Amino acid sequence: MSQRWSPSVTVAAIIEHEGRYLLVEEETPEGLRLNNPAGHLDPGESPEQGVVREALEETARVFVPEALVGVYLSRFRRPASGEDVTYLRFAYAGTVGDPDPALGLDEGIVRTLWMTLDELRASRAQHRSGLVLRCIEDHAAGRRFPLDLVHADPTLVAPEIKGG
């Protein structure tokens, strides 16, 4: 039996305050890039839990999800290494408080910054992927879905045991 394909599941925080969006500048194999506070879903956590964790790790700010902006599929190919990954991204809109000075930014995160939609549109070449702007454009257009649209079954924490 061949191995089953599956996408890499990621979560992203879309945070807007007074017309500016919170981004991270991060080190990547392609150089410094701008991204939404985002990362991979960990085993045993819901997408909502994952986005709270990732936002805290990357911005040192507590993120409070308020709505789901969208679910996105994208594919990334890195010719130098042959890496070819499909991402399934859950983007959440929400708010953050002030940064916690006791917390540092995650490894690889150089800084956080606030940018307007026009500044984001003008900086596309520096975005980690096309999803950075797409998620923000959807947010700016008012796309919001209830948090309970994504159901995290209790089996995430206590897996169901199937009989043989």
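Along each chain, the written sequence defines residue order, and numbers are assigned to residues from 1. In keeping with the model being predicted, local features are shown solely for residues with a pLDDT of at least 70 and side-chain atom pairs are shown and tallied solely at 80 or more, while totals for entire chains, interfaces and linings include all residues. To get the side-chain values, all heavy atoms of the structure are used, and hydrogens and water are removed first.

Q: Got a sec to walk through the pairing of strand β2 (residues 20–28)? Specific residues and values, please.
A: Within a regular strand, side chains alternate between the sheet's two faces. For β2, a buried count of 7 out of 9 residues is recorded, marking the element as mostly surrounded by other parts of the structure. Two strands pair when backbone bridges link them, and strand β1 (residues 8–17) and β2 are joined in this way by 2 bridges, in the antiparallel orientation. Residue pairing for β2: H17 is matched across the bridge by R20. Strand pairing is assigned whenever DSSP detects at least two bridges linking the two strands. Put simply, DSSP marks the helices as runs of H or I at least four residues long and the strands as runs of E at least two long, and each gets a number from the N terminus on. With antiparallel pairing between neighbouring strands as the criterion, β1 and β2 make up a hairpin whose turn holds 2 residues, including E18 at a positive phi of roughly 50°. When β2 meets strand β7 (residues 109–116), the two strands line up antiparallel, connected through 7 bridges. The partner of L22 across the bridge, within β7, is W114. As paired elements, β2 and strand β3 (residues 31–35) share 5 bridges and run antiparallel to each other. Bridging across to β3, V24 finds its partner in N35. Throughout this description, buried means an accessible area under 20% of the type-specific maximum (1.4 Å probe, protein chains only), exposed means over 50%, and partly exposed covers the range between.

Q: Could you give me a rundown of the pattern of salt bridges, with the residues and numbers involved?
A: When a carboxyl oxygen of Asp or Glu is within 4 Å of a side-chain nitrogen of Lys or Arg, the pair counts as a salt bridge. Applying the stated criterion to the full structure yields 16 salt bridges. Residue E54 pairs with R53 through a salt bridge whose shortest N-O separation is 2.9 Å. One exposure class covers both E54 and R53, and it is buried. Overlapping salt bridges bring together D42, E45, R53, E54 and E57 as one network.

Q: Residues and numbers for the nonpolar core, please.
A: By nonpolar core is meant a set of buried Ala, Val, Leu, Ile, Met, Phe, Trp, Tyr and Cys residues that side-chain atoms within 4.5 Å join together. In this structure, I14, L23, A91, L120 and I136 are the most contacted members of the largest nonpolar core, which totals 19 residues. Mapped by element, the contributors of at least two residues to this core are β1, β2, β5 (63–78), β6 (83–96), β7, α2 (117–122) and α3 (130–140). The contact definition used throughout considers only heavy atoms, calling two residues in contact when any of these lie within 4.5 Å. Residues contacting L120, with those up to four places away along its chain left out, are Y21, L23, M115, H127, L133 and I136. The next biggest cluster of nonpolar side chains, apart from the first, holds 10 residues, and it includes V11, A13, F63 and F90.

Q: Quick one: what's the story with the pairing of β6, residue by residue and with numbers?
A: Of the pairings in the sheet, the one linking β1 to β6 comprises 8 bridges and is parallel in character. Note on β6: the bridge partner recorded for V9 is L88. Here β5 folds back onto β6 in antiparallel fashion, the turn holding 4 residues, of which G82 has a positive phi close to 80°.

Q: Would you mind going over helix α1 (residues 47–59) in detail, with residue names and values included?
A: The end-to-end C-alpha separation of α1 is 18 Å, in line with the 18 Å expected for 13 residues at 1.5 Å each. Listed in full, the buried residues belonging to α1 are P47, G50, V51, R53, E54, A55, E58 and T59. At its buried positions, α1 is contacted by β1, β2, β4 (38–40), β5, β6 and β7. A60 lies just past α1 and shows a positive phi near 60°. Expected helix span is given by 1.5 Å per residue-to-residue step, counting one fewer step than there are residues.

Q: Explain the environment of A13 to me, and be specific about the residues and the numbers.
A: Looking at where A13 falls in the secondary structure, it is placed in strand β1. For the pair A13 and T155, spaced 142 residues apart in the sequence, the C-alpha separation amounts to 25 Å. Those residues in contact with A13, other than ones at most four positions away along the chain, are N36, P37, V51, A55, F63 and Y92.

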